[in-house]
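Chain by chain, the residues run as shown.
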Amino acid sequence: MDITSVSDYINYLEVERALSKNTIEAYENDIFSFLEYLSSEMKIQEINQIKRTHISSFNRHLAASGISPVSIVRKIASIKGFFRYLCINSIIEKNPALALNSPKISKKLPKVISIKEIEKLLSTHLSTTEKALFELFYATGLRVSELVNLEIKNVNLKSGFIKTMGKGSKERIIPIGSKAKNALKNYLKERELIILTSDYGKKNDKYVFLRTNGTKITRQYVYKFIHNLGKKIEKNISPHTIRHSFATHLLENGADLRVVQELLGHSSIVTTQLYTHISKKRLREVYFSINSD
């Protein structure tokens, strides 16, 4: 089967959509596994031969293979995006994935911890680096990837904000409070020493958070740190818990849903509604305020 169109689509995702490397790899793997199935199981050799029934067959094949509904939804979304691209660019005449149904999945809300629990975690013994990391994490609701890749040039302590590049290379500016600012100020003094005395400090001096040897902190470091921190309140928490708690506490204290949407970097306000765990009463209030505009 000719894979030129697949290469073109991947290039489009990378250049024009500016998706992350991990997202692009997932899309590519999903599409190639689909095409391989069609070639080996259904003897389809040309992309323009693919029909909706073939995609439905692949869908059933995935379900029978024991793949989780979440993974199937992602794979079908990858296939839909691919065929939408093919149609827009007149590579095929009809879109076989149009109106294709994906399996329904239950939307499980992530865990949330209370403000008192946040305060308890911050009152425990933390290193200067750990305190700055946690304070900033909770004050901004950053994604883990955004936190570990945060650059020093994008931190403005004087004005009290940070600038980050989220999904789809969308830039957003997030304010930080006095506690996070003070924690960062204390950490940045230690950071200067790390840069001067460590082997890797000068190589990584553009990043905010560095380990004692000068290397940039990793996603794994943050996950392990947050997980171990959760033991102090006898809860199994992750970085996603902190991001979710950030959004929840804002909404519970009267923040506008649109503001929270912008802070989290969500492209759709629907995502923010699903992401936040707030009372039904508060959600109704926000909903009607939005729809009365």
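Refer to the structure printed above.
(A) Structural context of unusual backbone geometry. With phi around 60°, Lys43 is a residue other than glycine that occupies positive phi space. Within the fold, Lys43 resides in the loop between helix H2 (21-41) and helix H3 (52-64). Residue Ser90 is not a glycine yet carries a positive backbone phi of 55°. Position of Ser90 among the secondary structure elements: in the loop between helix H4 (69-88) and helix H5 (115-123).

(B) Seen up close, the pattern of salt bridges. Overall, the coordinates contain eight salt bridges when judged by the stated rule. Notably, a salt bridge pairs Lys235 with Glu117, separated by 3.0 Å at the nearest N-O pair. Linking Lys235 in the loop between helix H9 (219-230) and helix H10 (239-252) with Glu117 in helix H5, this pair joins segments that are 118 residues apart in sequence. Exposure remark for Lys235: the relative accessible area of 34% places this residue in the partly exposed category. As a salt-bridge pair, Glu146 and Arg172 come within 2.8 Å of each other at their nearest N and O atoms. One end of the pair, Glu146, is in helix H7 (residues 144-148); the other, Arg172, is in strand E3 (residues 171-175), and 26 residues separate them in sequence. Residue Glu146 shares its accessibility class with Arg172, and that shared class is buried. Each of the salt bridges in this network shares a partner with another, and the network as a whole consists of Asp30, Arg74 and Lys75.

(C) Structural detail: the packing of helix H6 (residues 128-140) against helix H8 (residues 178-197). Across the interface, H6 lies against H8 with an axial gap of 8 Å and an inter-helix angle of 145°. Two packed elements cross with a definite hand, and for H6 against H8 that hand is left-handed. Facing H6, whose interface residues are Thr128, Thr129, Lys131, Ala132, Glu135, Leu136 and Ala139, H8 presents Lys179, Ala180, Ala183, Leu184, Asn186, Tyr187 and Glu190. When grouped by side-chain class, the residues that make up the contact of H6 with H8 number seven nonpolar, three polar and four charged.

(D) Here's a closer look at the environment of Leu193. Within the secondary structure, Leu193 is located in helix H8. Note on Leu193: relative accessible area 53%, which makes it exposed.

(E) Representation of the layout of surface pockets in the model. When its volume is computed, the second largest pocket comes out at roughly 450 Å³. What lines the second largest pocket is a set of 20 residues, and nearest its centre among them are Glu135, Tyr138, Ala139, Gly177 and Lys179. The set of elements that each furnish at least two residues to the lining of the second largest pocket consists of H5, H6, E3, H8 and H10.

(F) Summary view of the sheet that holds strand E1 (residues 155-156). Within the open sheet, the three strands sit side by side as E1-E2-E3. Their pairing is antiparallel. Edge positions in the sheet fall to E1 and E3, since each has one partner strand and no second. As paired elements, strand E2 (residues 161-165) and E3 share five bridges and run antiparallel to each other. By the bridge assignment, Met165 is partnered in E3 with Glu171.

(G) Spotlight on the packing of H10 against helix H11 (residues 257-264). The geometry of H10 relative to H11 is characterised by a closest axis approach of 10 Å and an angle of 160° between their N-to-C directions. Judged by the inter-axis angle, H10 sits roughly antiparallel to H11. Seen along the crossing, H10 lies across H11 with a hand that is right-handed. Within the contact between the two elements, H10 uses Arg243, Phe246, Ala247, Leu250 and Leu251 and H11 uses Leu257, Val260, Leu263 and Leu264. When the residues that make up the contact of H10 with H11 are grouped by side-chain class, the tally is eight nonpolar, no polar and one charged.

Reading the values: the criteria
- Residues numbered from 1 in each chain as written.
- Predicted model: local features only at pLDDT ≥ 70, side-chain atom pairs only at ≥ 80, totals over all residues.
- Heavy atoms only, no water.
- Helix = DSSP H or I, 4+ residues; strand = E, 2+ residues; numbered from the N terminus.
- Salt bridge = Lys/Arg side-chain N within 4 Å of Asp/Glu carboxyl O.
- Buried < 20%, exposed > 50% of the residue type's maximum accessible area, 1.4 Å probe, protein only.
- Axes fitted to C-alpha atoms, helices over the stretch in contact; angles between N-to-C directions.
- Left-handed = near helix turned anticlockwise from the far one by under 90°.
- Contact = heavy atoms within 4.5 Å.
- Nonpolar A, V, L, I, M, F, W, Y, C, P; charged D, E, K, R; others polar.
- 1 Å grid on protein atoms, 1.4 Å probe; cavity = no way out; pocket = protein on both sides within 12 Å on 5 of 7 lines; lining within 4 Å.
- Points joined across faces, edges and corners; volume = space filled by probe spheres on them.
- Pairing = 2+ DSSP bridges.
- Parallel < 35°, antiparallel > 145°, perpendicular 65-115°, else oblique.

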